[in-house]
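One letter stands for each residue in the lines below.
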Amino acid sequence: MKDHLQFYIDGAWVPAAGGRTLEVVNPATEEAYARIALGETADVDKAVAAAKRAFGRFARGSRKERVELLESVIAVYKKRYDDIAEAISDEMGAPMSFARQAQAAAGLGHLSEVLRVLRDYEFDEVVNETVVTREPVGVCGFITPWNWPLNQIACKVGPALAAGCTMVIKPSEVAPISGIVFTEVMNEAGVPAGIYNMVNGDGPTVGQALATHPDIDMVSFTGSTRAGIAVARAAADTVKRVAQELGGKSPNIILPDADIVRAVTHGTRQCFSNSGQSCNAPTRMLVPADRQEEAIAVAREVAAATVVGDPRAEGTTIGPVVSKVQFDKIQRLIEQGIAEGARLVAGGPGRPEHLNRGYYIRPTVFADVRNDMTIAREEIFGPVLSILPYRDEEEAIAIANDTVYGLSSYVTSGDLDHARAVARRIRAGMVHINGSPGDLAAPFGGYKQSGNGREWGRYGLEDFLEVKSMFGYNSKSA
């Protein structure tokens, strides 16, 4: 058991104000392996005060200073890369290969991309005799999730630094260790005191204190839609900017002219990736009704080939889900799918037979799913795929859009123009065409109850900038 009982405030590791602690559980073993302090309002007040003091000087700093700061952070991140990957694997169950190649890599990718953007970004724009300038929004509060911990920390911290903002971050208390390692990176990189502060804690205490604090100018939250609504309500009294990346129930439309074996294989693997714990996972697979049995056969094969097991073992495809809370929720939803009449064609309730402990889920596939079923409406956040048959293209698009969410979506066709036309009709912030991966330079974010604002690249930077009009700045008159 390793203790992490200090917070990072004003450039130093300091004791927590209160005495509450929380054990961090490895989901593969169900055993606690670390302990963190849980912050109180007093810790947040101290961290926000430090960020506020540091803001004026940092906001006035030069582009060159911010470029050099990001370069230093990236250099130390690379040095600590394996430590970050191991922390992620231990705290949220990611297989080591995935923790290295995807989880830790995502954090580095976002830092590198925002550095590229910062080098050439035009902060000033001339409009007639007016200069429109973009300035840092101020002191930011970050509330980050456990499912992609370094991805979400880096895609908030990186652009905030590039913009000239100061910040207080609350990593998820479920998976906090990678956030602590990242904080060590920031300290070693020489980030000046007060610019970056970290307070561990739970949502009702530290998260609430950040969202309501009068000296926080912006709160950026990633997590469930339910929690996002609570953050927005808490932030409303101080009219601070709120950026949210929330839940999803992403449709994956496989059109009749697609290579169904290839499309279903890719879509099922994407659904199961990260143990299904991705907000943009393609969990609703829409297939032509007359080809559903073909899709079922392929999805069943992918499920059978998915190796569920020890994150540290060679060959493991997916590890456990993050916690008992998540495990129980997923089990309940699988049981509900069966009770509501969906056809179970792979997986099902309970752990895989070869595992007797750990929060492991059987890769599960349902067919004959209707879009009014619970498993088609709620975000399950586990390796559970729903196959929904459709009669024609119009019905497929209608089903895809019939959701309170609008984060991501997927369209596959043998004809690129056909896929493009369908993609334009989907009400979501992102569409992956013919299996294309995400692009760190393009915006990430959603419509409807999937949130507001955009992250990644230039769009992520601009979320941390205020727009100021200076009328007459270029006036030619005396």
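Here's what I pulled together on the structure shown here. (Residues numbered from 1 in each chain as written. Predicted model: local features only at pLDDT ≥ 70, side-chain atom pairs only at ≥ 80, totals over all residues. Heavy atoms only, no water.)

Remarks on the side chain of S408
Inference 1: Within the secondary structure, S408 is located in the loop between β18 (405-406) and β19 (410-412).
Inference 2: Beyond its immediate stretch of four places on either side in the chain, S408 contacts S250, P251, N280, A428, M430 and H432. (Helix = DSSP H or I, 4+ residues; strand = E, 2+ residues; numbered from the N terminus. Contact = heavy atoms within 4.5 Å.)

Quick word on the packing of helix α3 (residues 81-92) against helix α4 (residues 96-120)
Inference 1: Following both chains from N to C, one finds α3 and α4 inclined at 115 degrees, their axes separated by 9 Å at the closest point. α3 and α4 meet at a crossing whose hand is right-handed. In contact with Y81, D82, I84, A85, E86, I88, S89 and M92 of α3, α4 contributes M96, A99, R100, Q103, A104, A105 and L108.
Inference 2: When its residues are assigned to classes, the contact of α3 with α4 shows ten nonpolar, two polar and three charged. (Axes fitted to C-alpha atoms, helices over the stretch in contact; angles between N-to-C directions. Left-handed = near helix turned anticlockwise from the far one by under 90°. Nonpolar A, V, L, I, M, F, W, Y, C, P; charged D, E, K, R; others polar.)

Here we look at the pattern of salt bridges
Inference 1: A full pass over the atoms with the stated rule returns 30 salt bridges.
Inference 2: For K52, the salt bridge goes to D215, with nearest N and O atoms at 3.3 Å. Residue K52 is located in helix α1 (residues 41-59), and its partner D215 is located in the loop between α7 (203-212) and β11 (218-222); the two are separated by 163 residues in the primary sequence.
Inference 3: Using a relative accessible area of 48% as the deciding quantity, one classes K52 as partly exposed.
Inference 4: Note that R391 is salt-bridged to E395, the shortest N-O span being 3.3 Å.
Inference 5: Each of the salt bridges in this network shares a partner with another, and the network as a whole consists of R20, E40 and D202. (Salt bridge = Lys/Arg side-chain N within 4 Å of Asp/Glu carboxyl O. Buried < 20%, exposed > 50% of the residue type's maximum accessible area, 1.4 Å probe, protein only.)

Topic: the environment of P288
Inference 1: With respect to the element layout, P288 can be found in strand β14 (residues 284-288).
Inference 2: Residue class for P288 comes out buried when judged on its relative accessible area of 5%.
Inference 3: Each C-alpha atom, one on P288 and one on L255, is 7.0 Å from the other, the two residues being 33 residues apart in sequence.
Inference 4: Ignoring sequence-local partners within four residues, the contact set of P288 consists of I254, L255, P256 and Y390.

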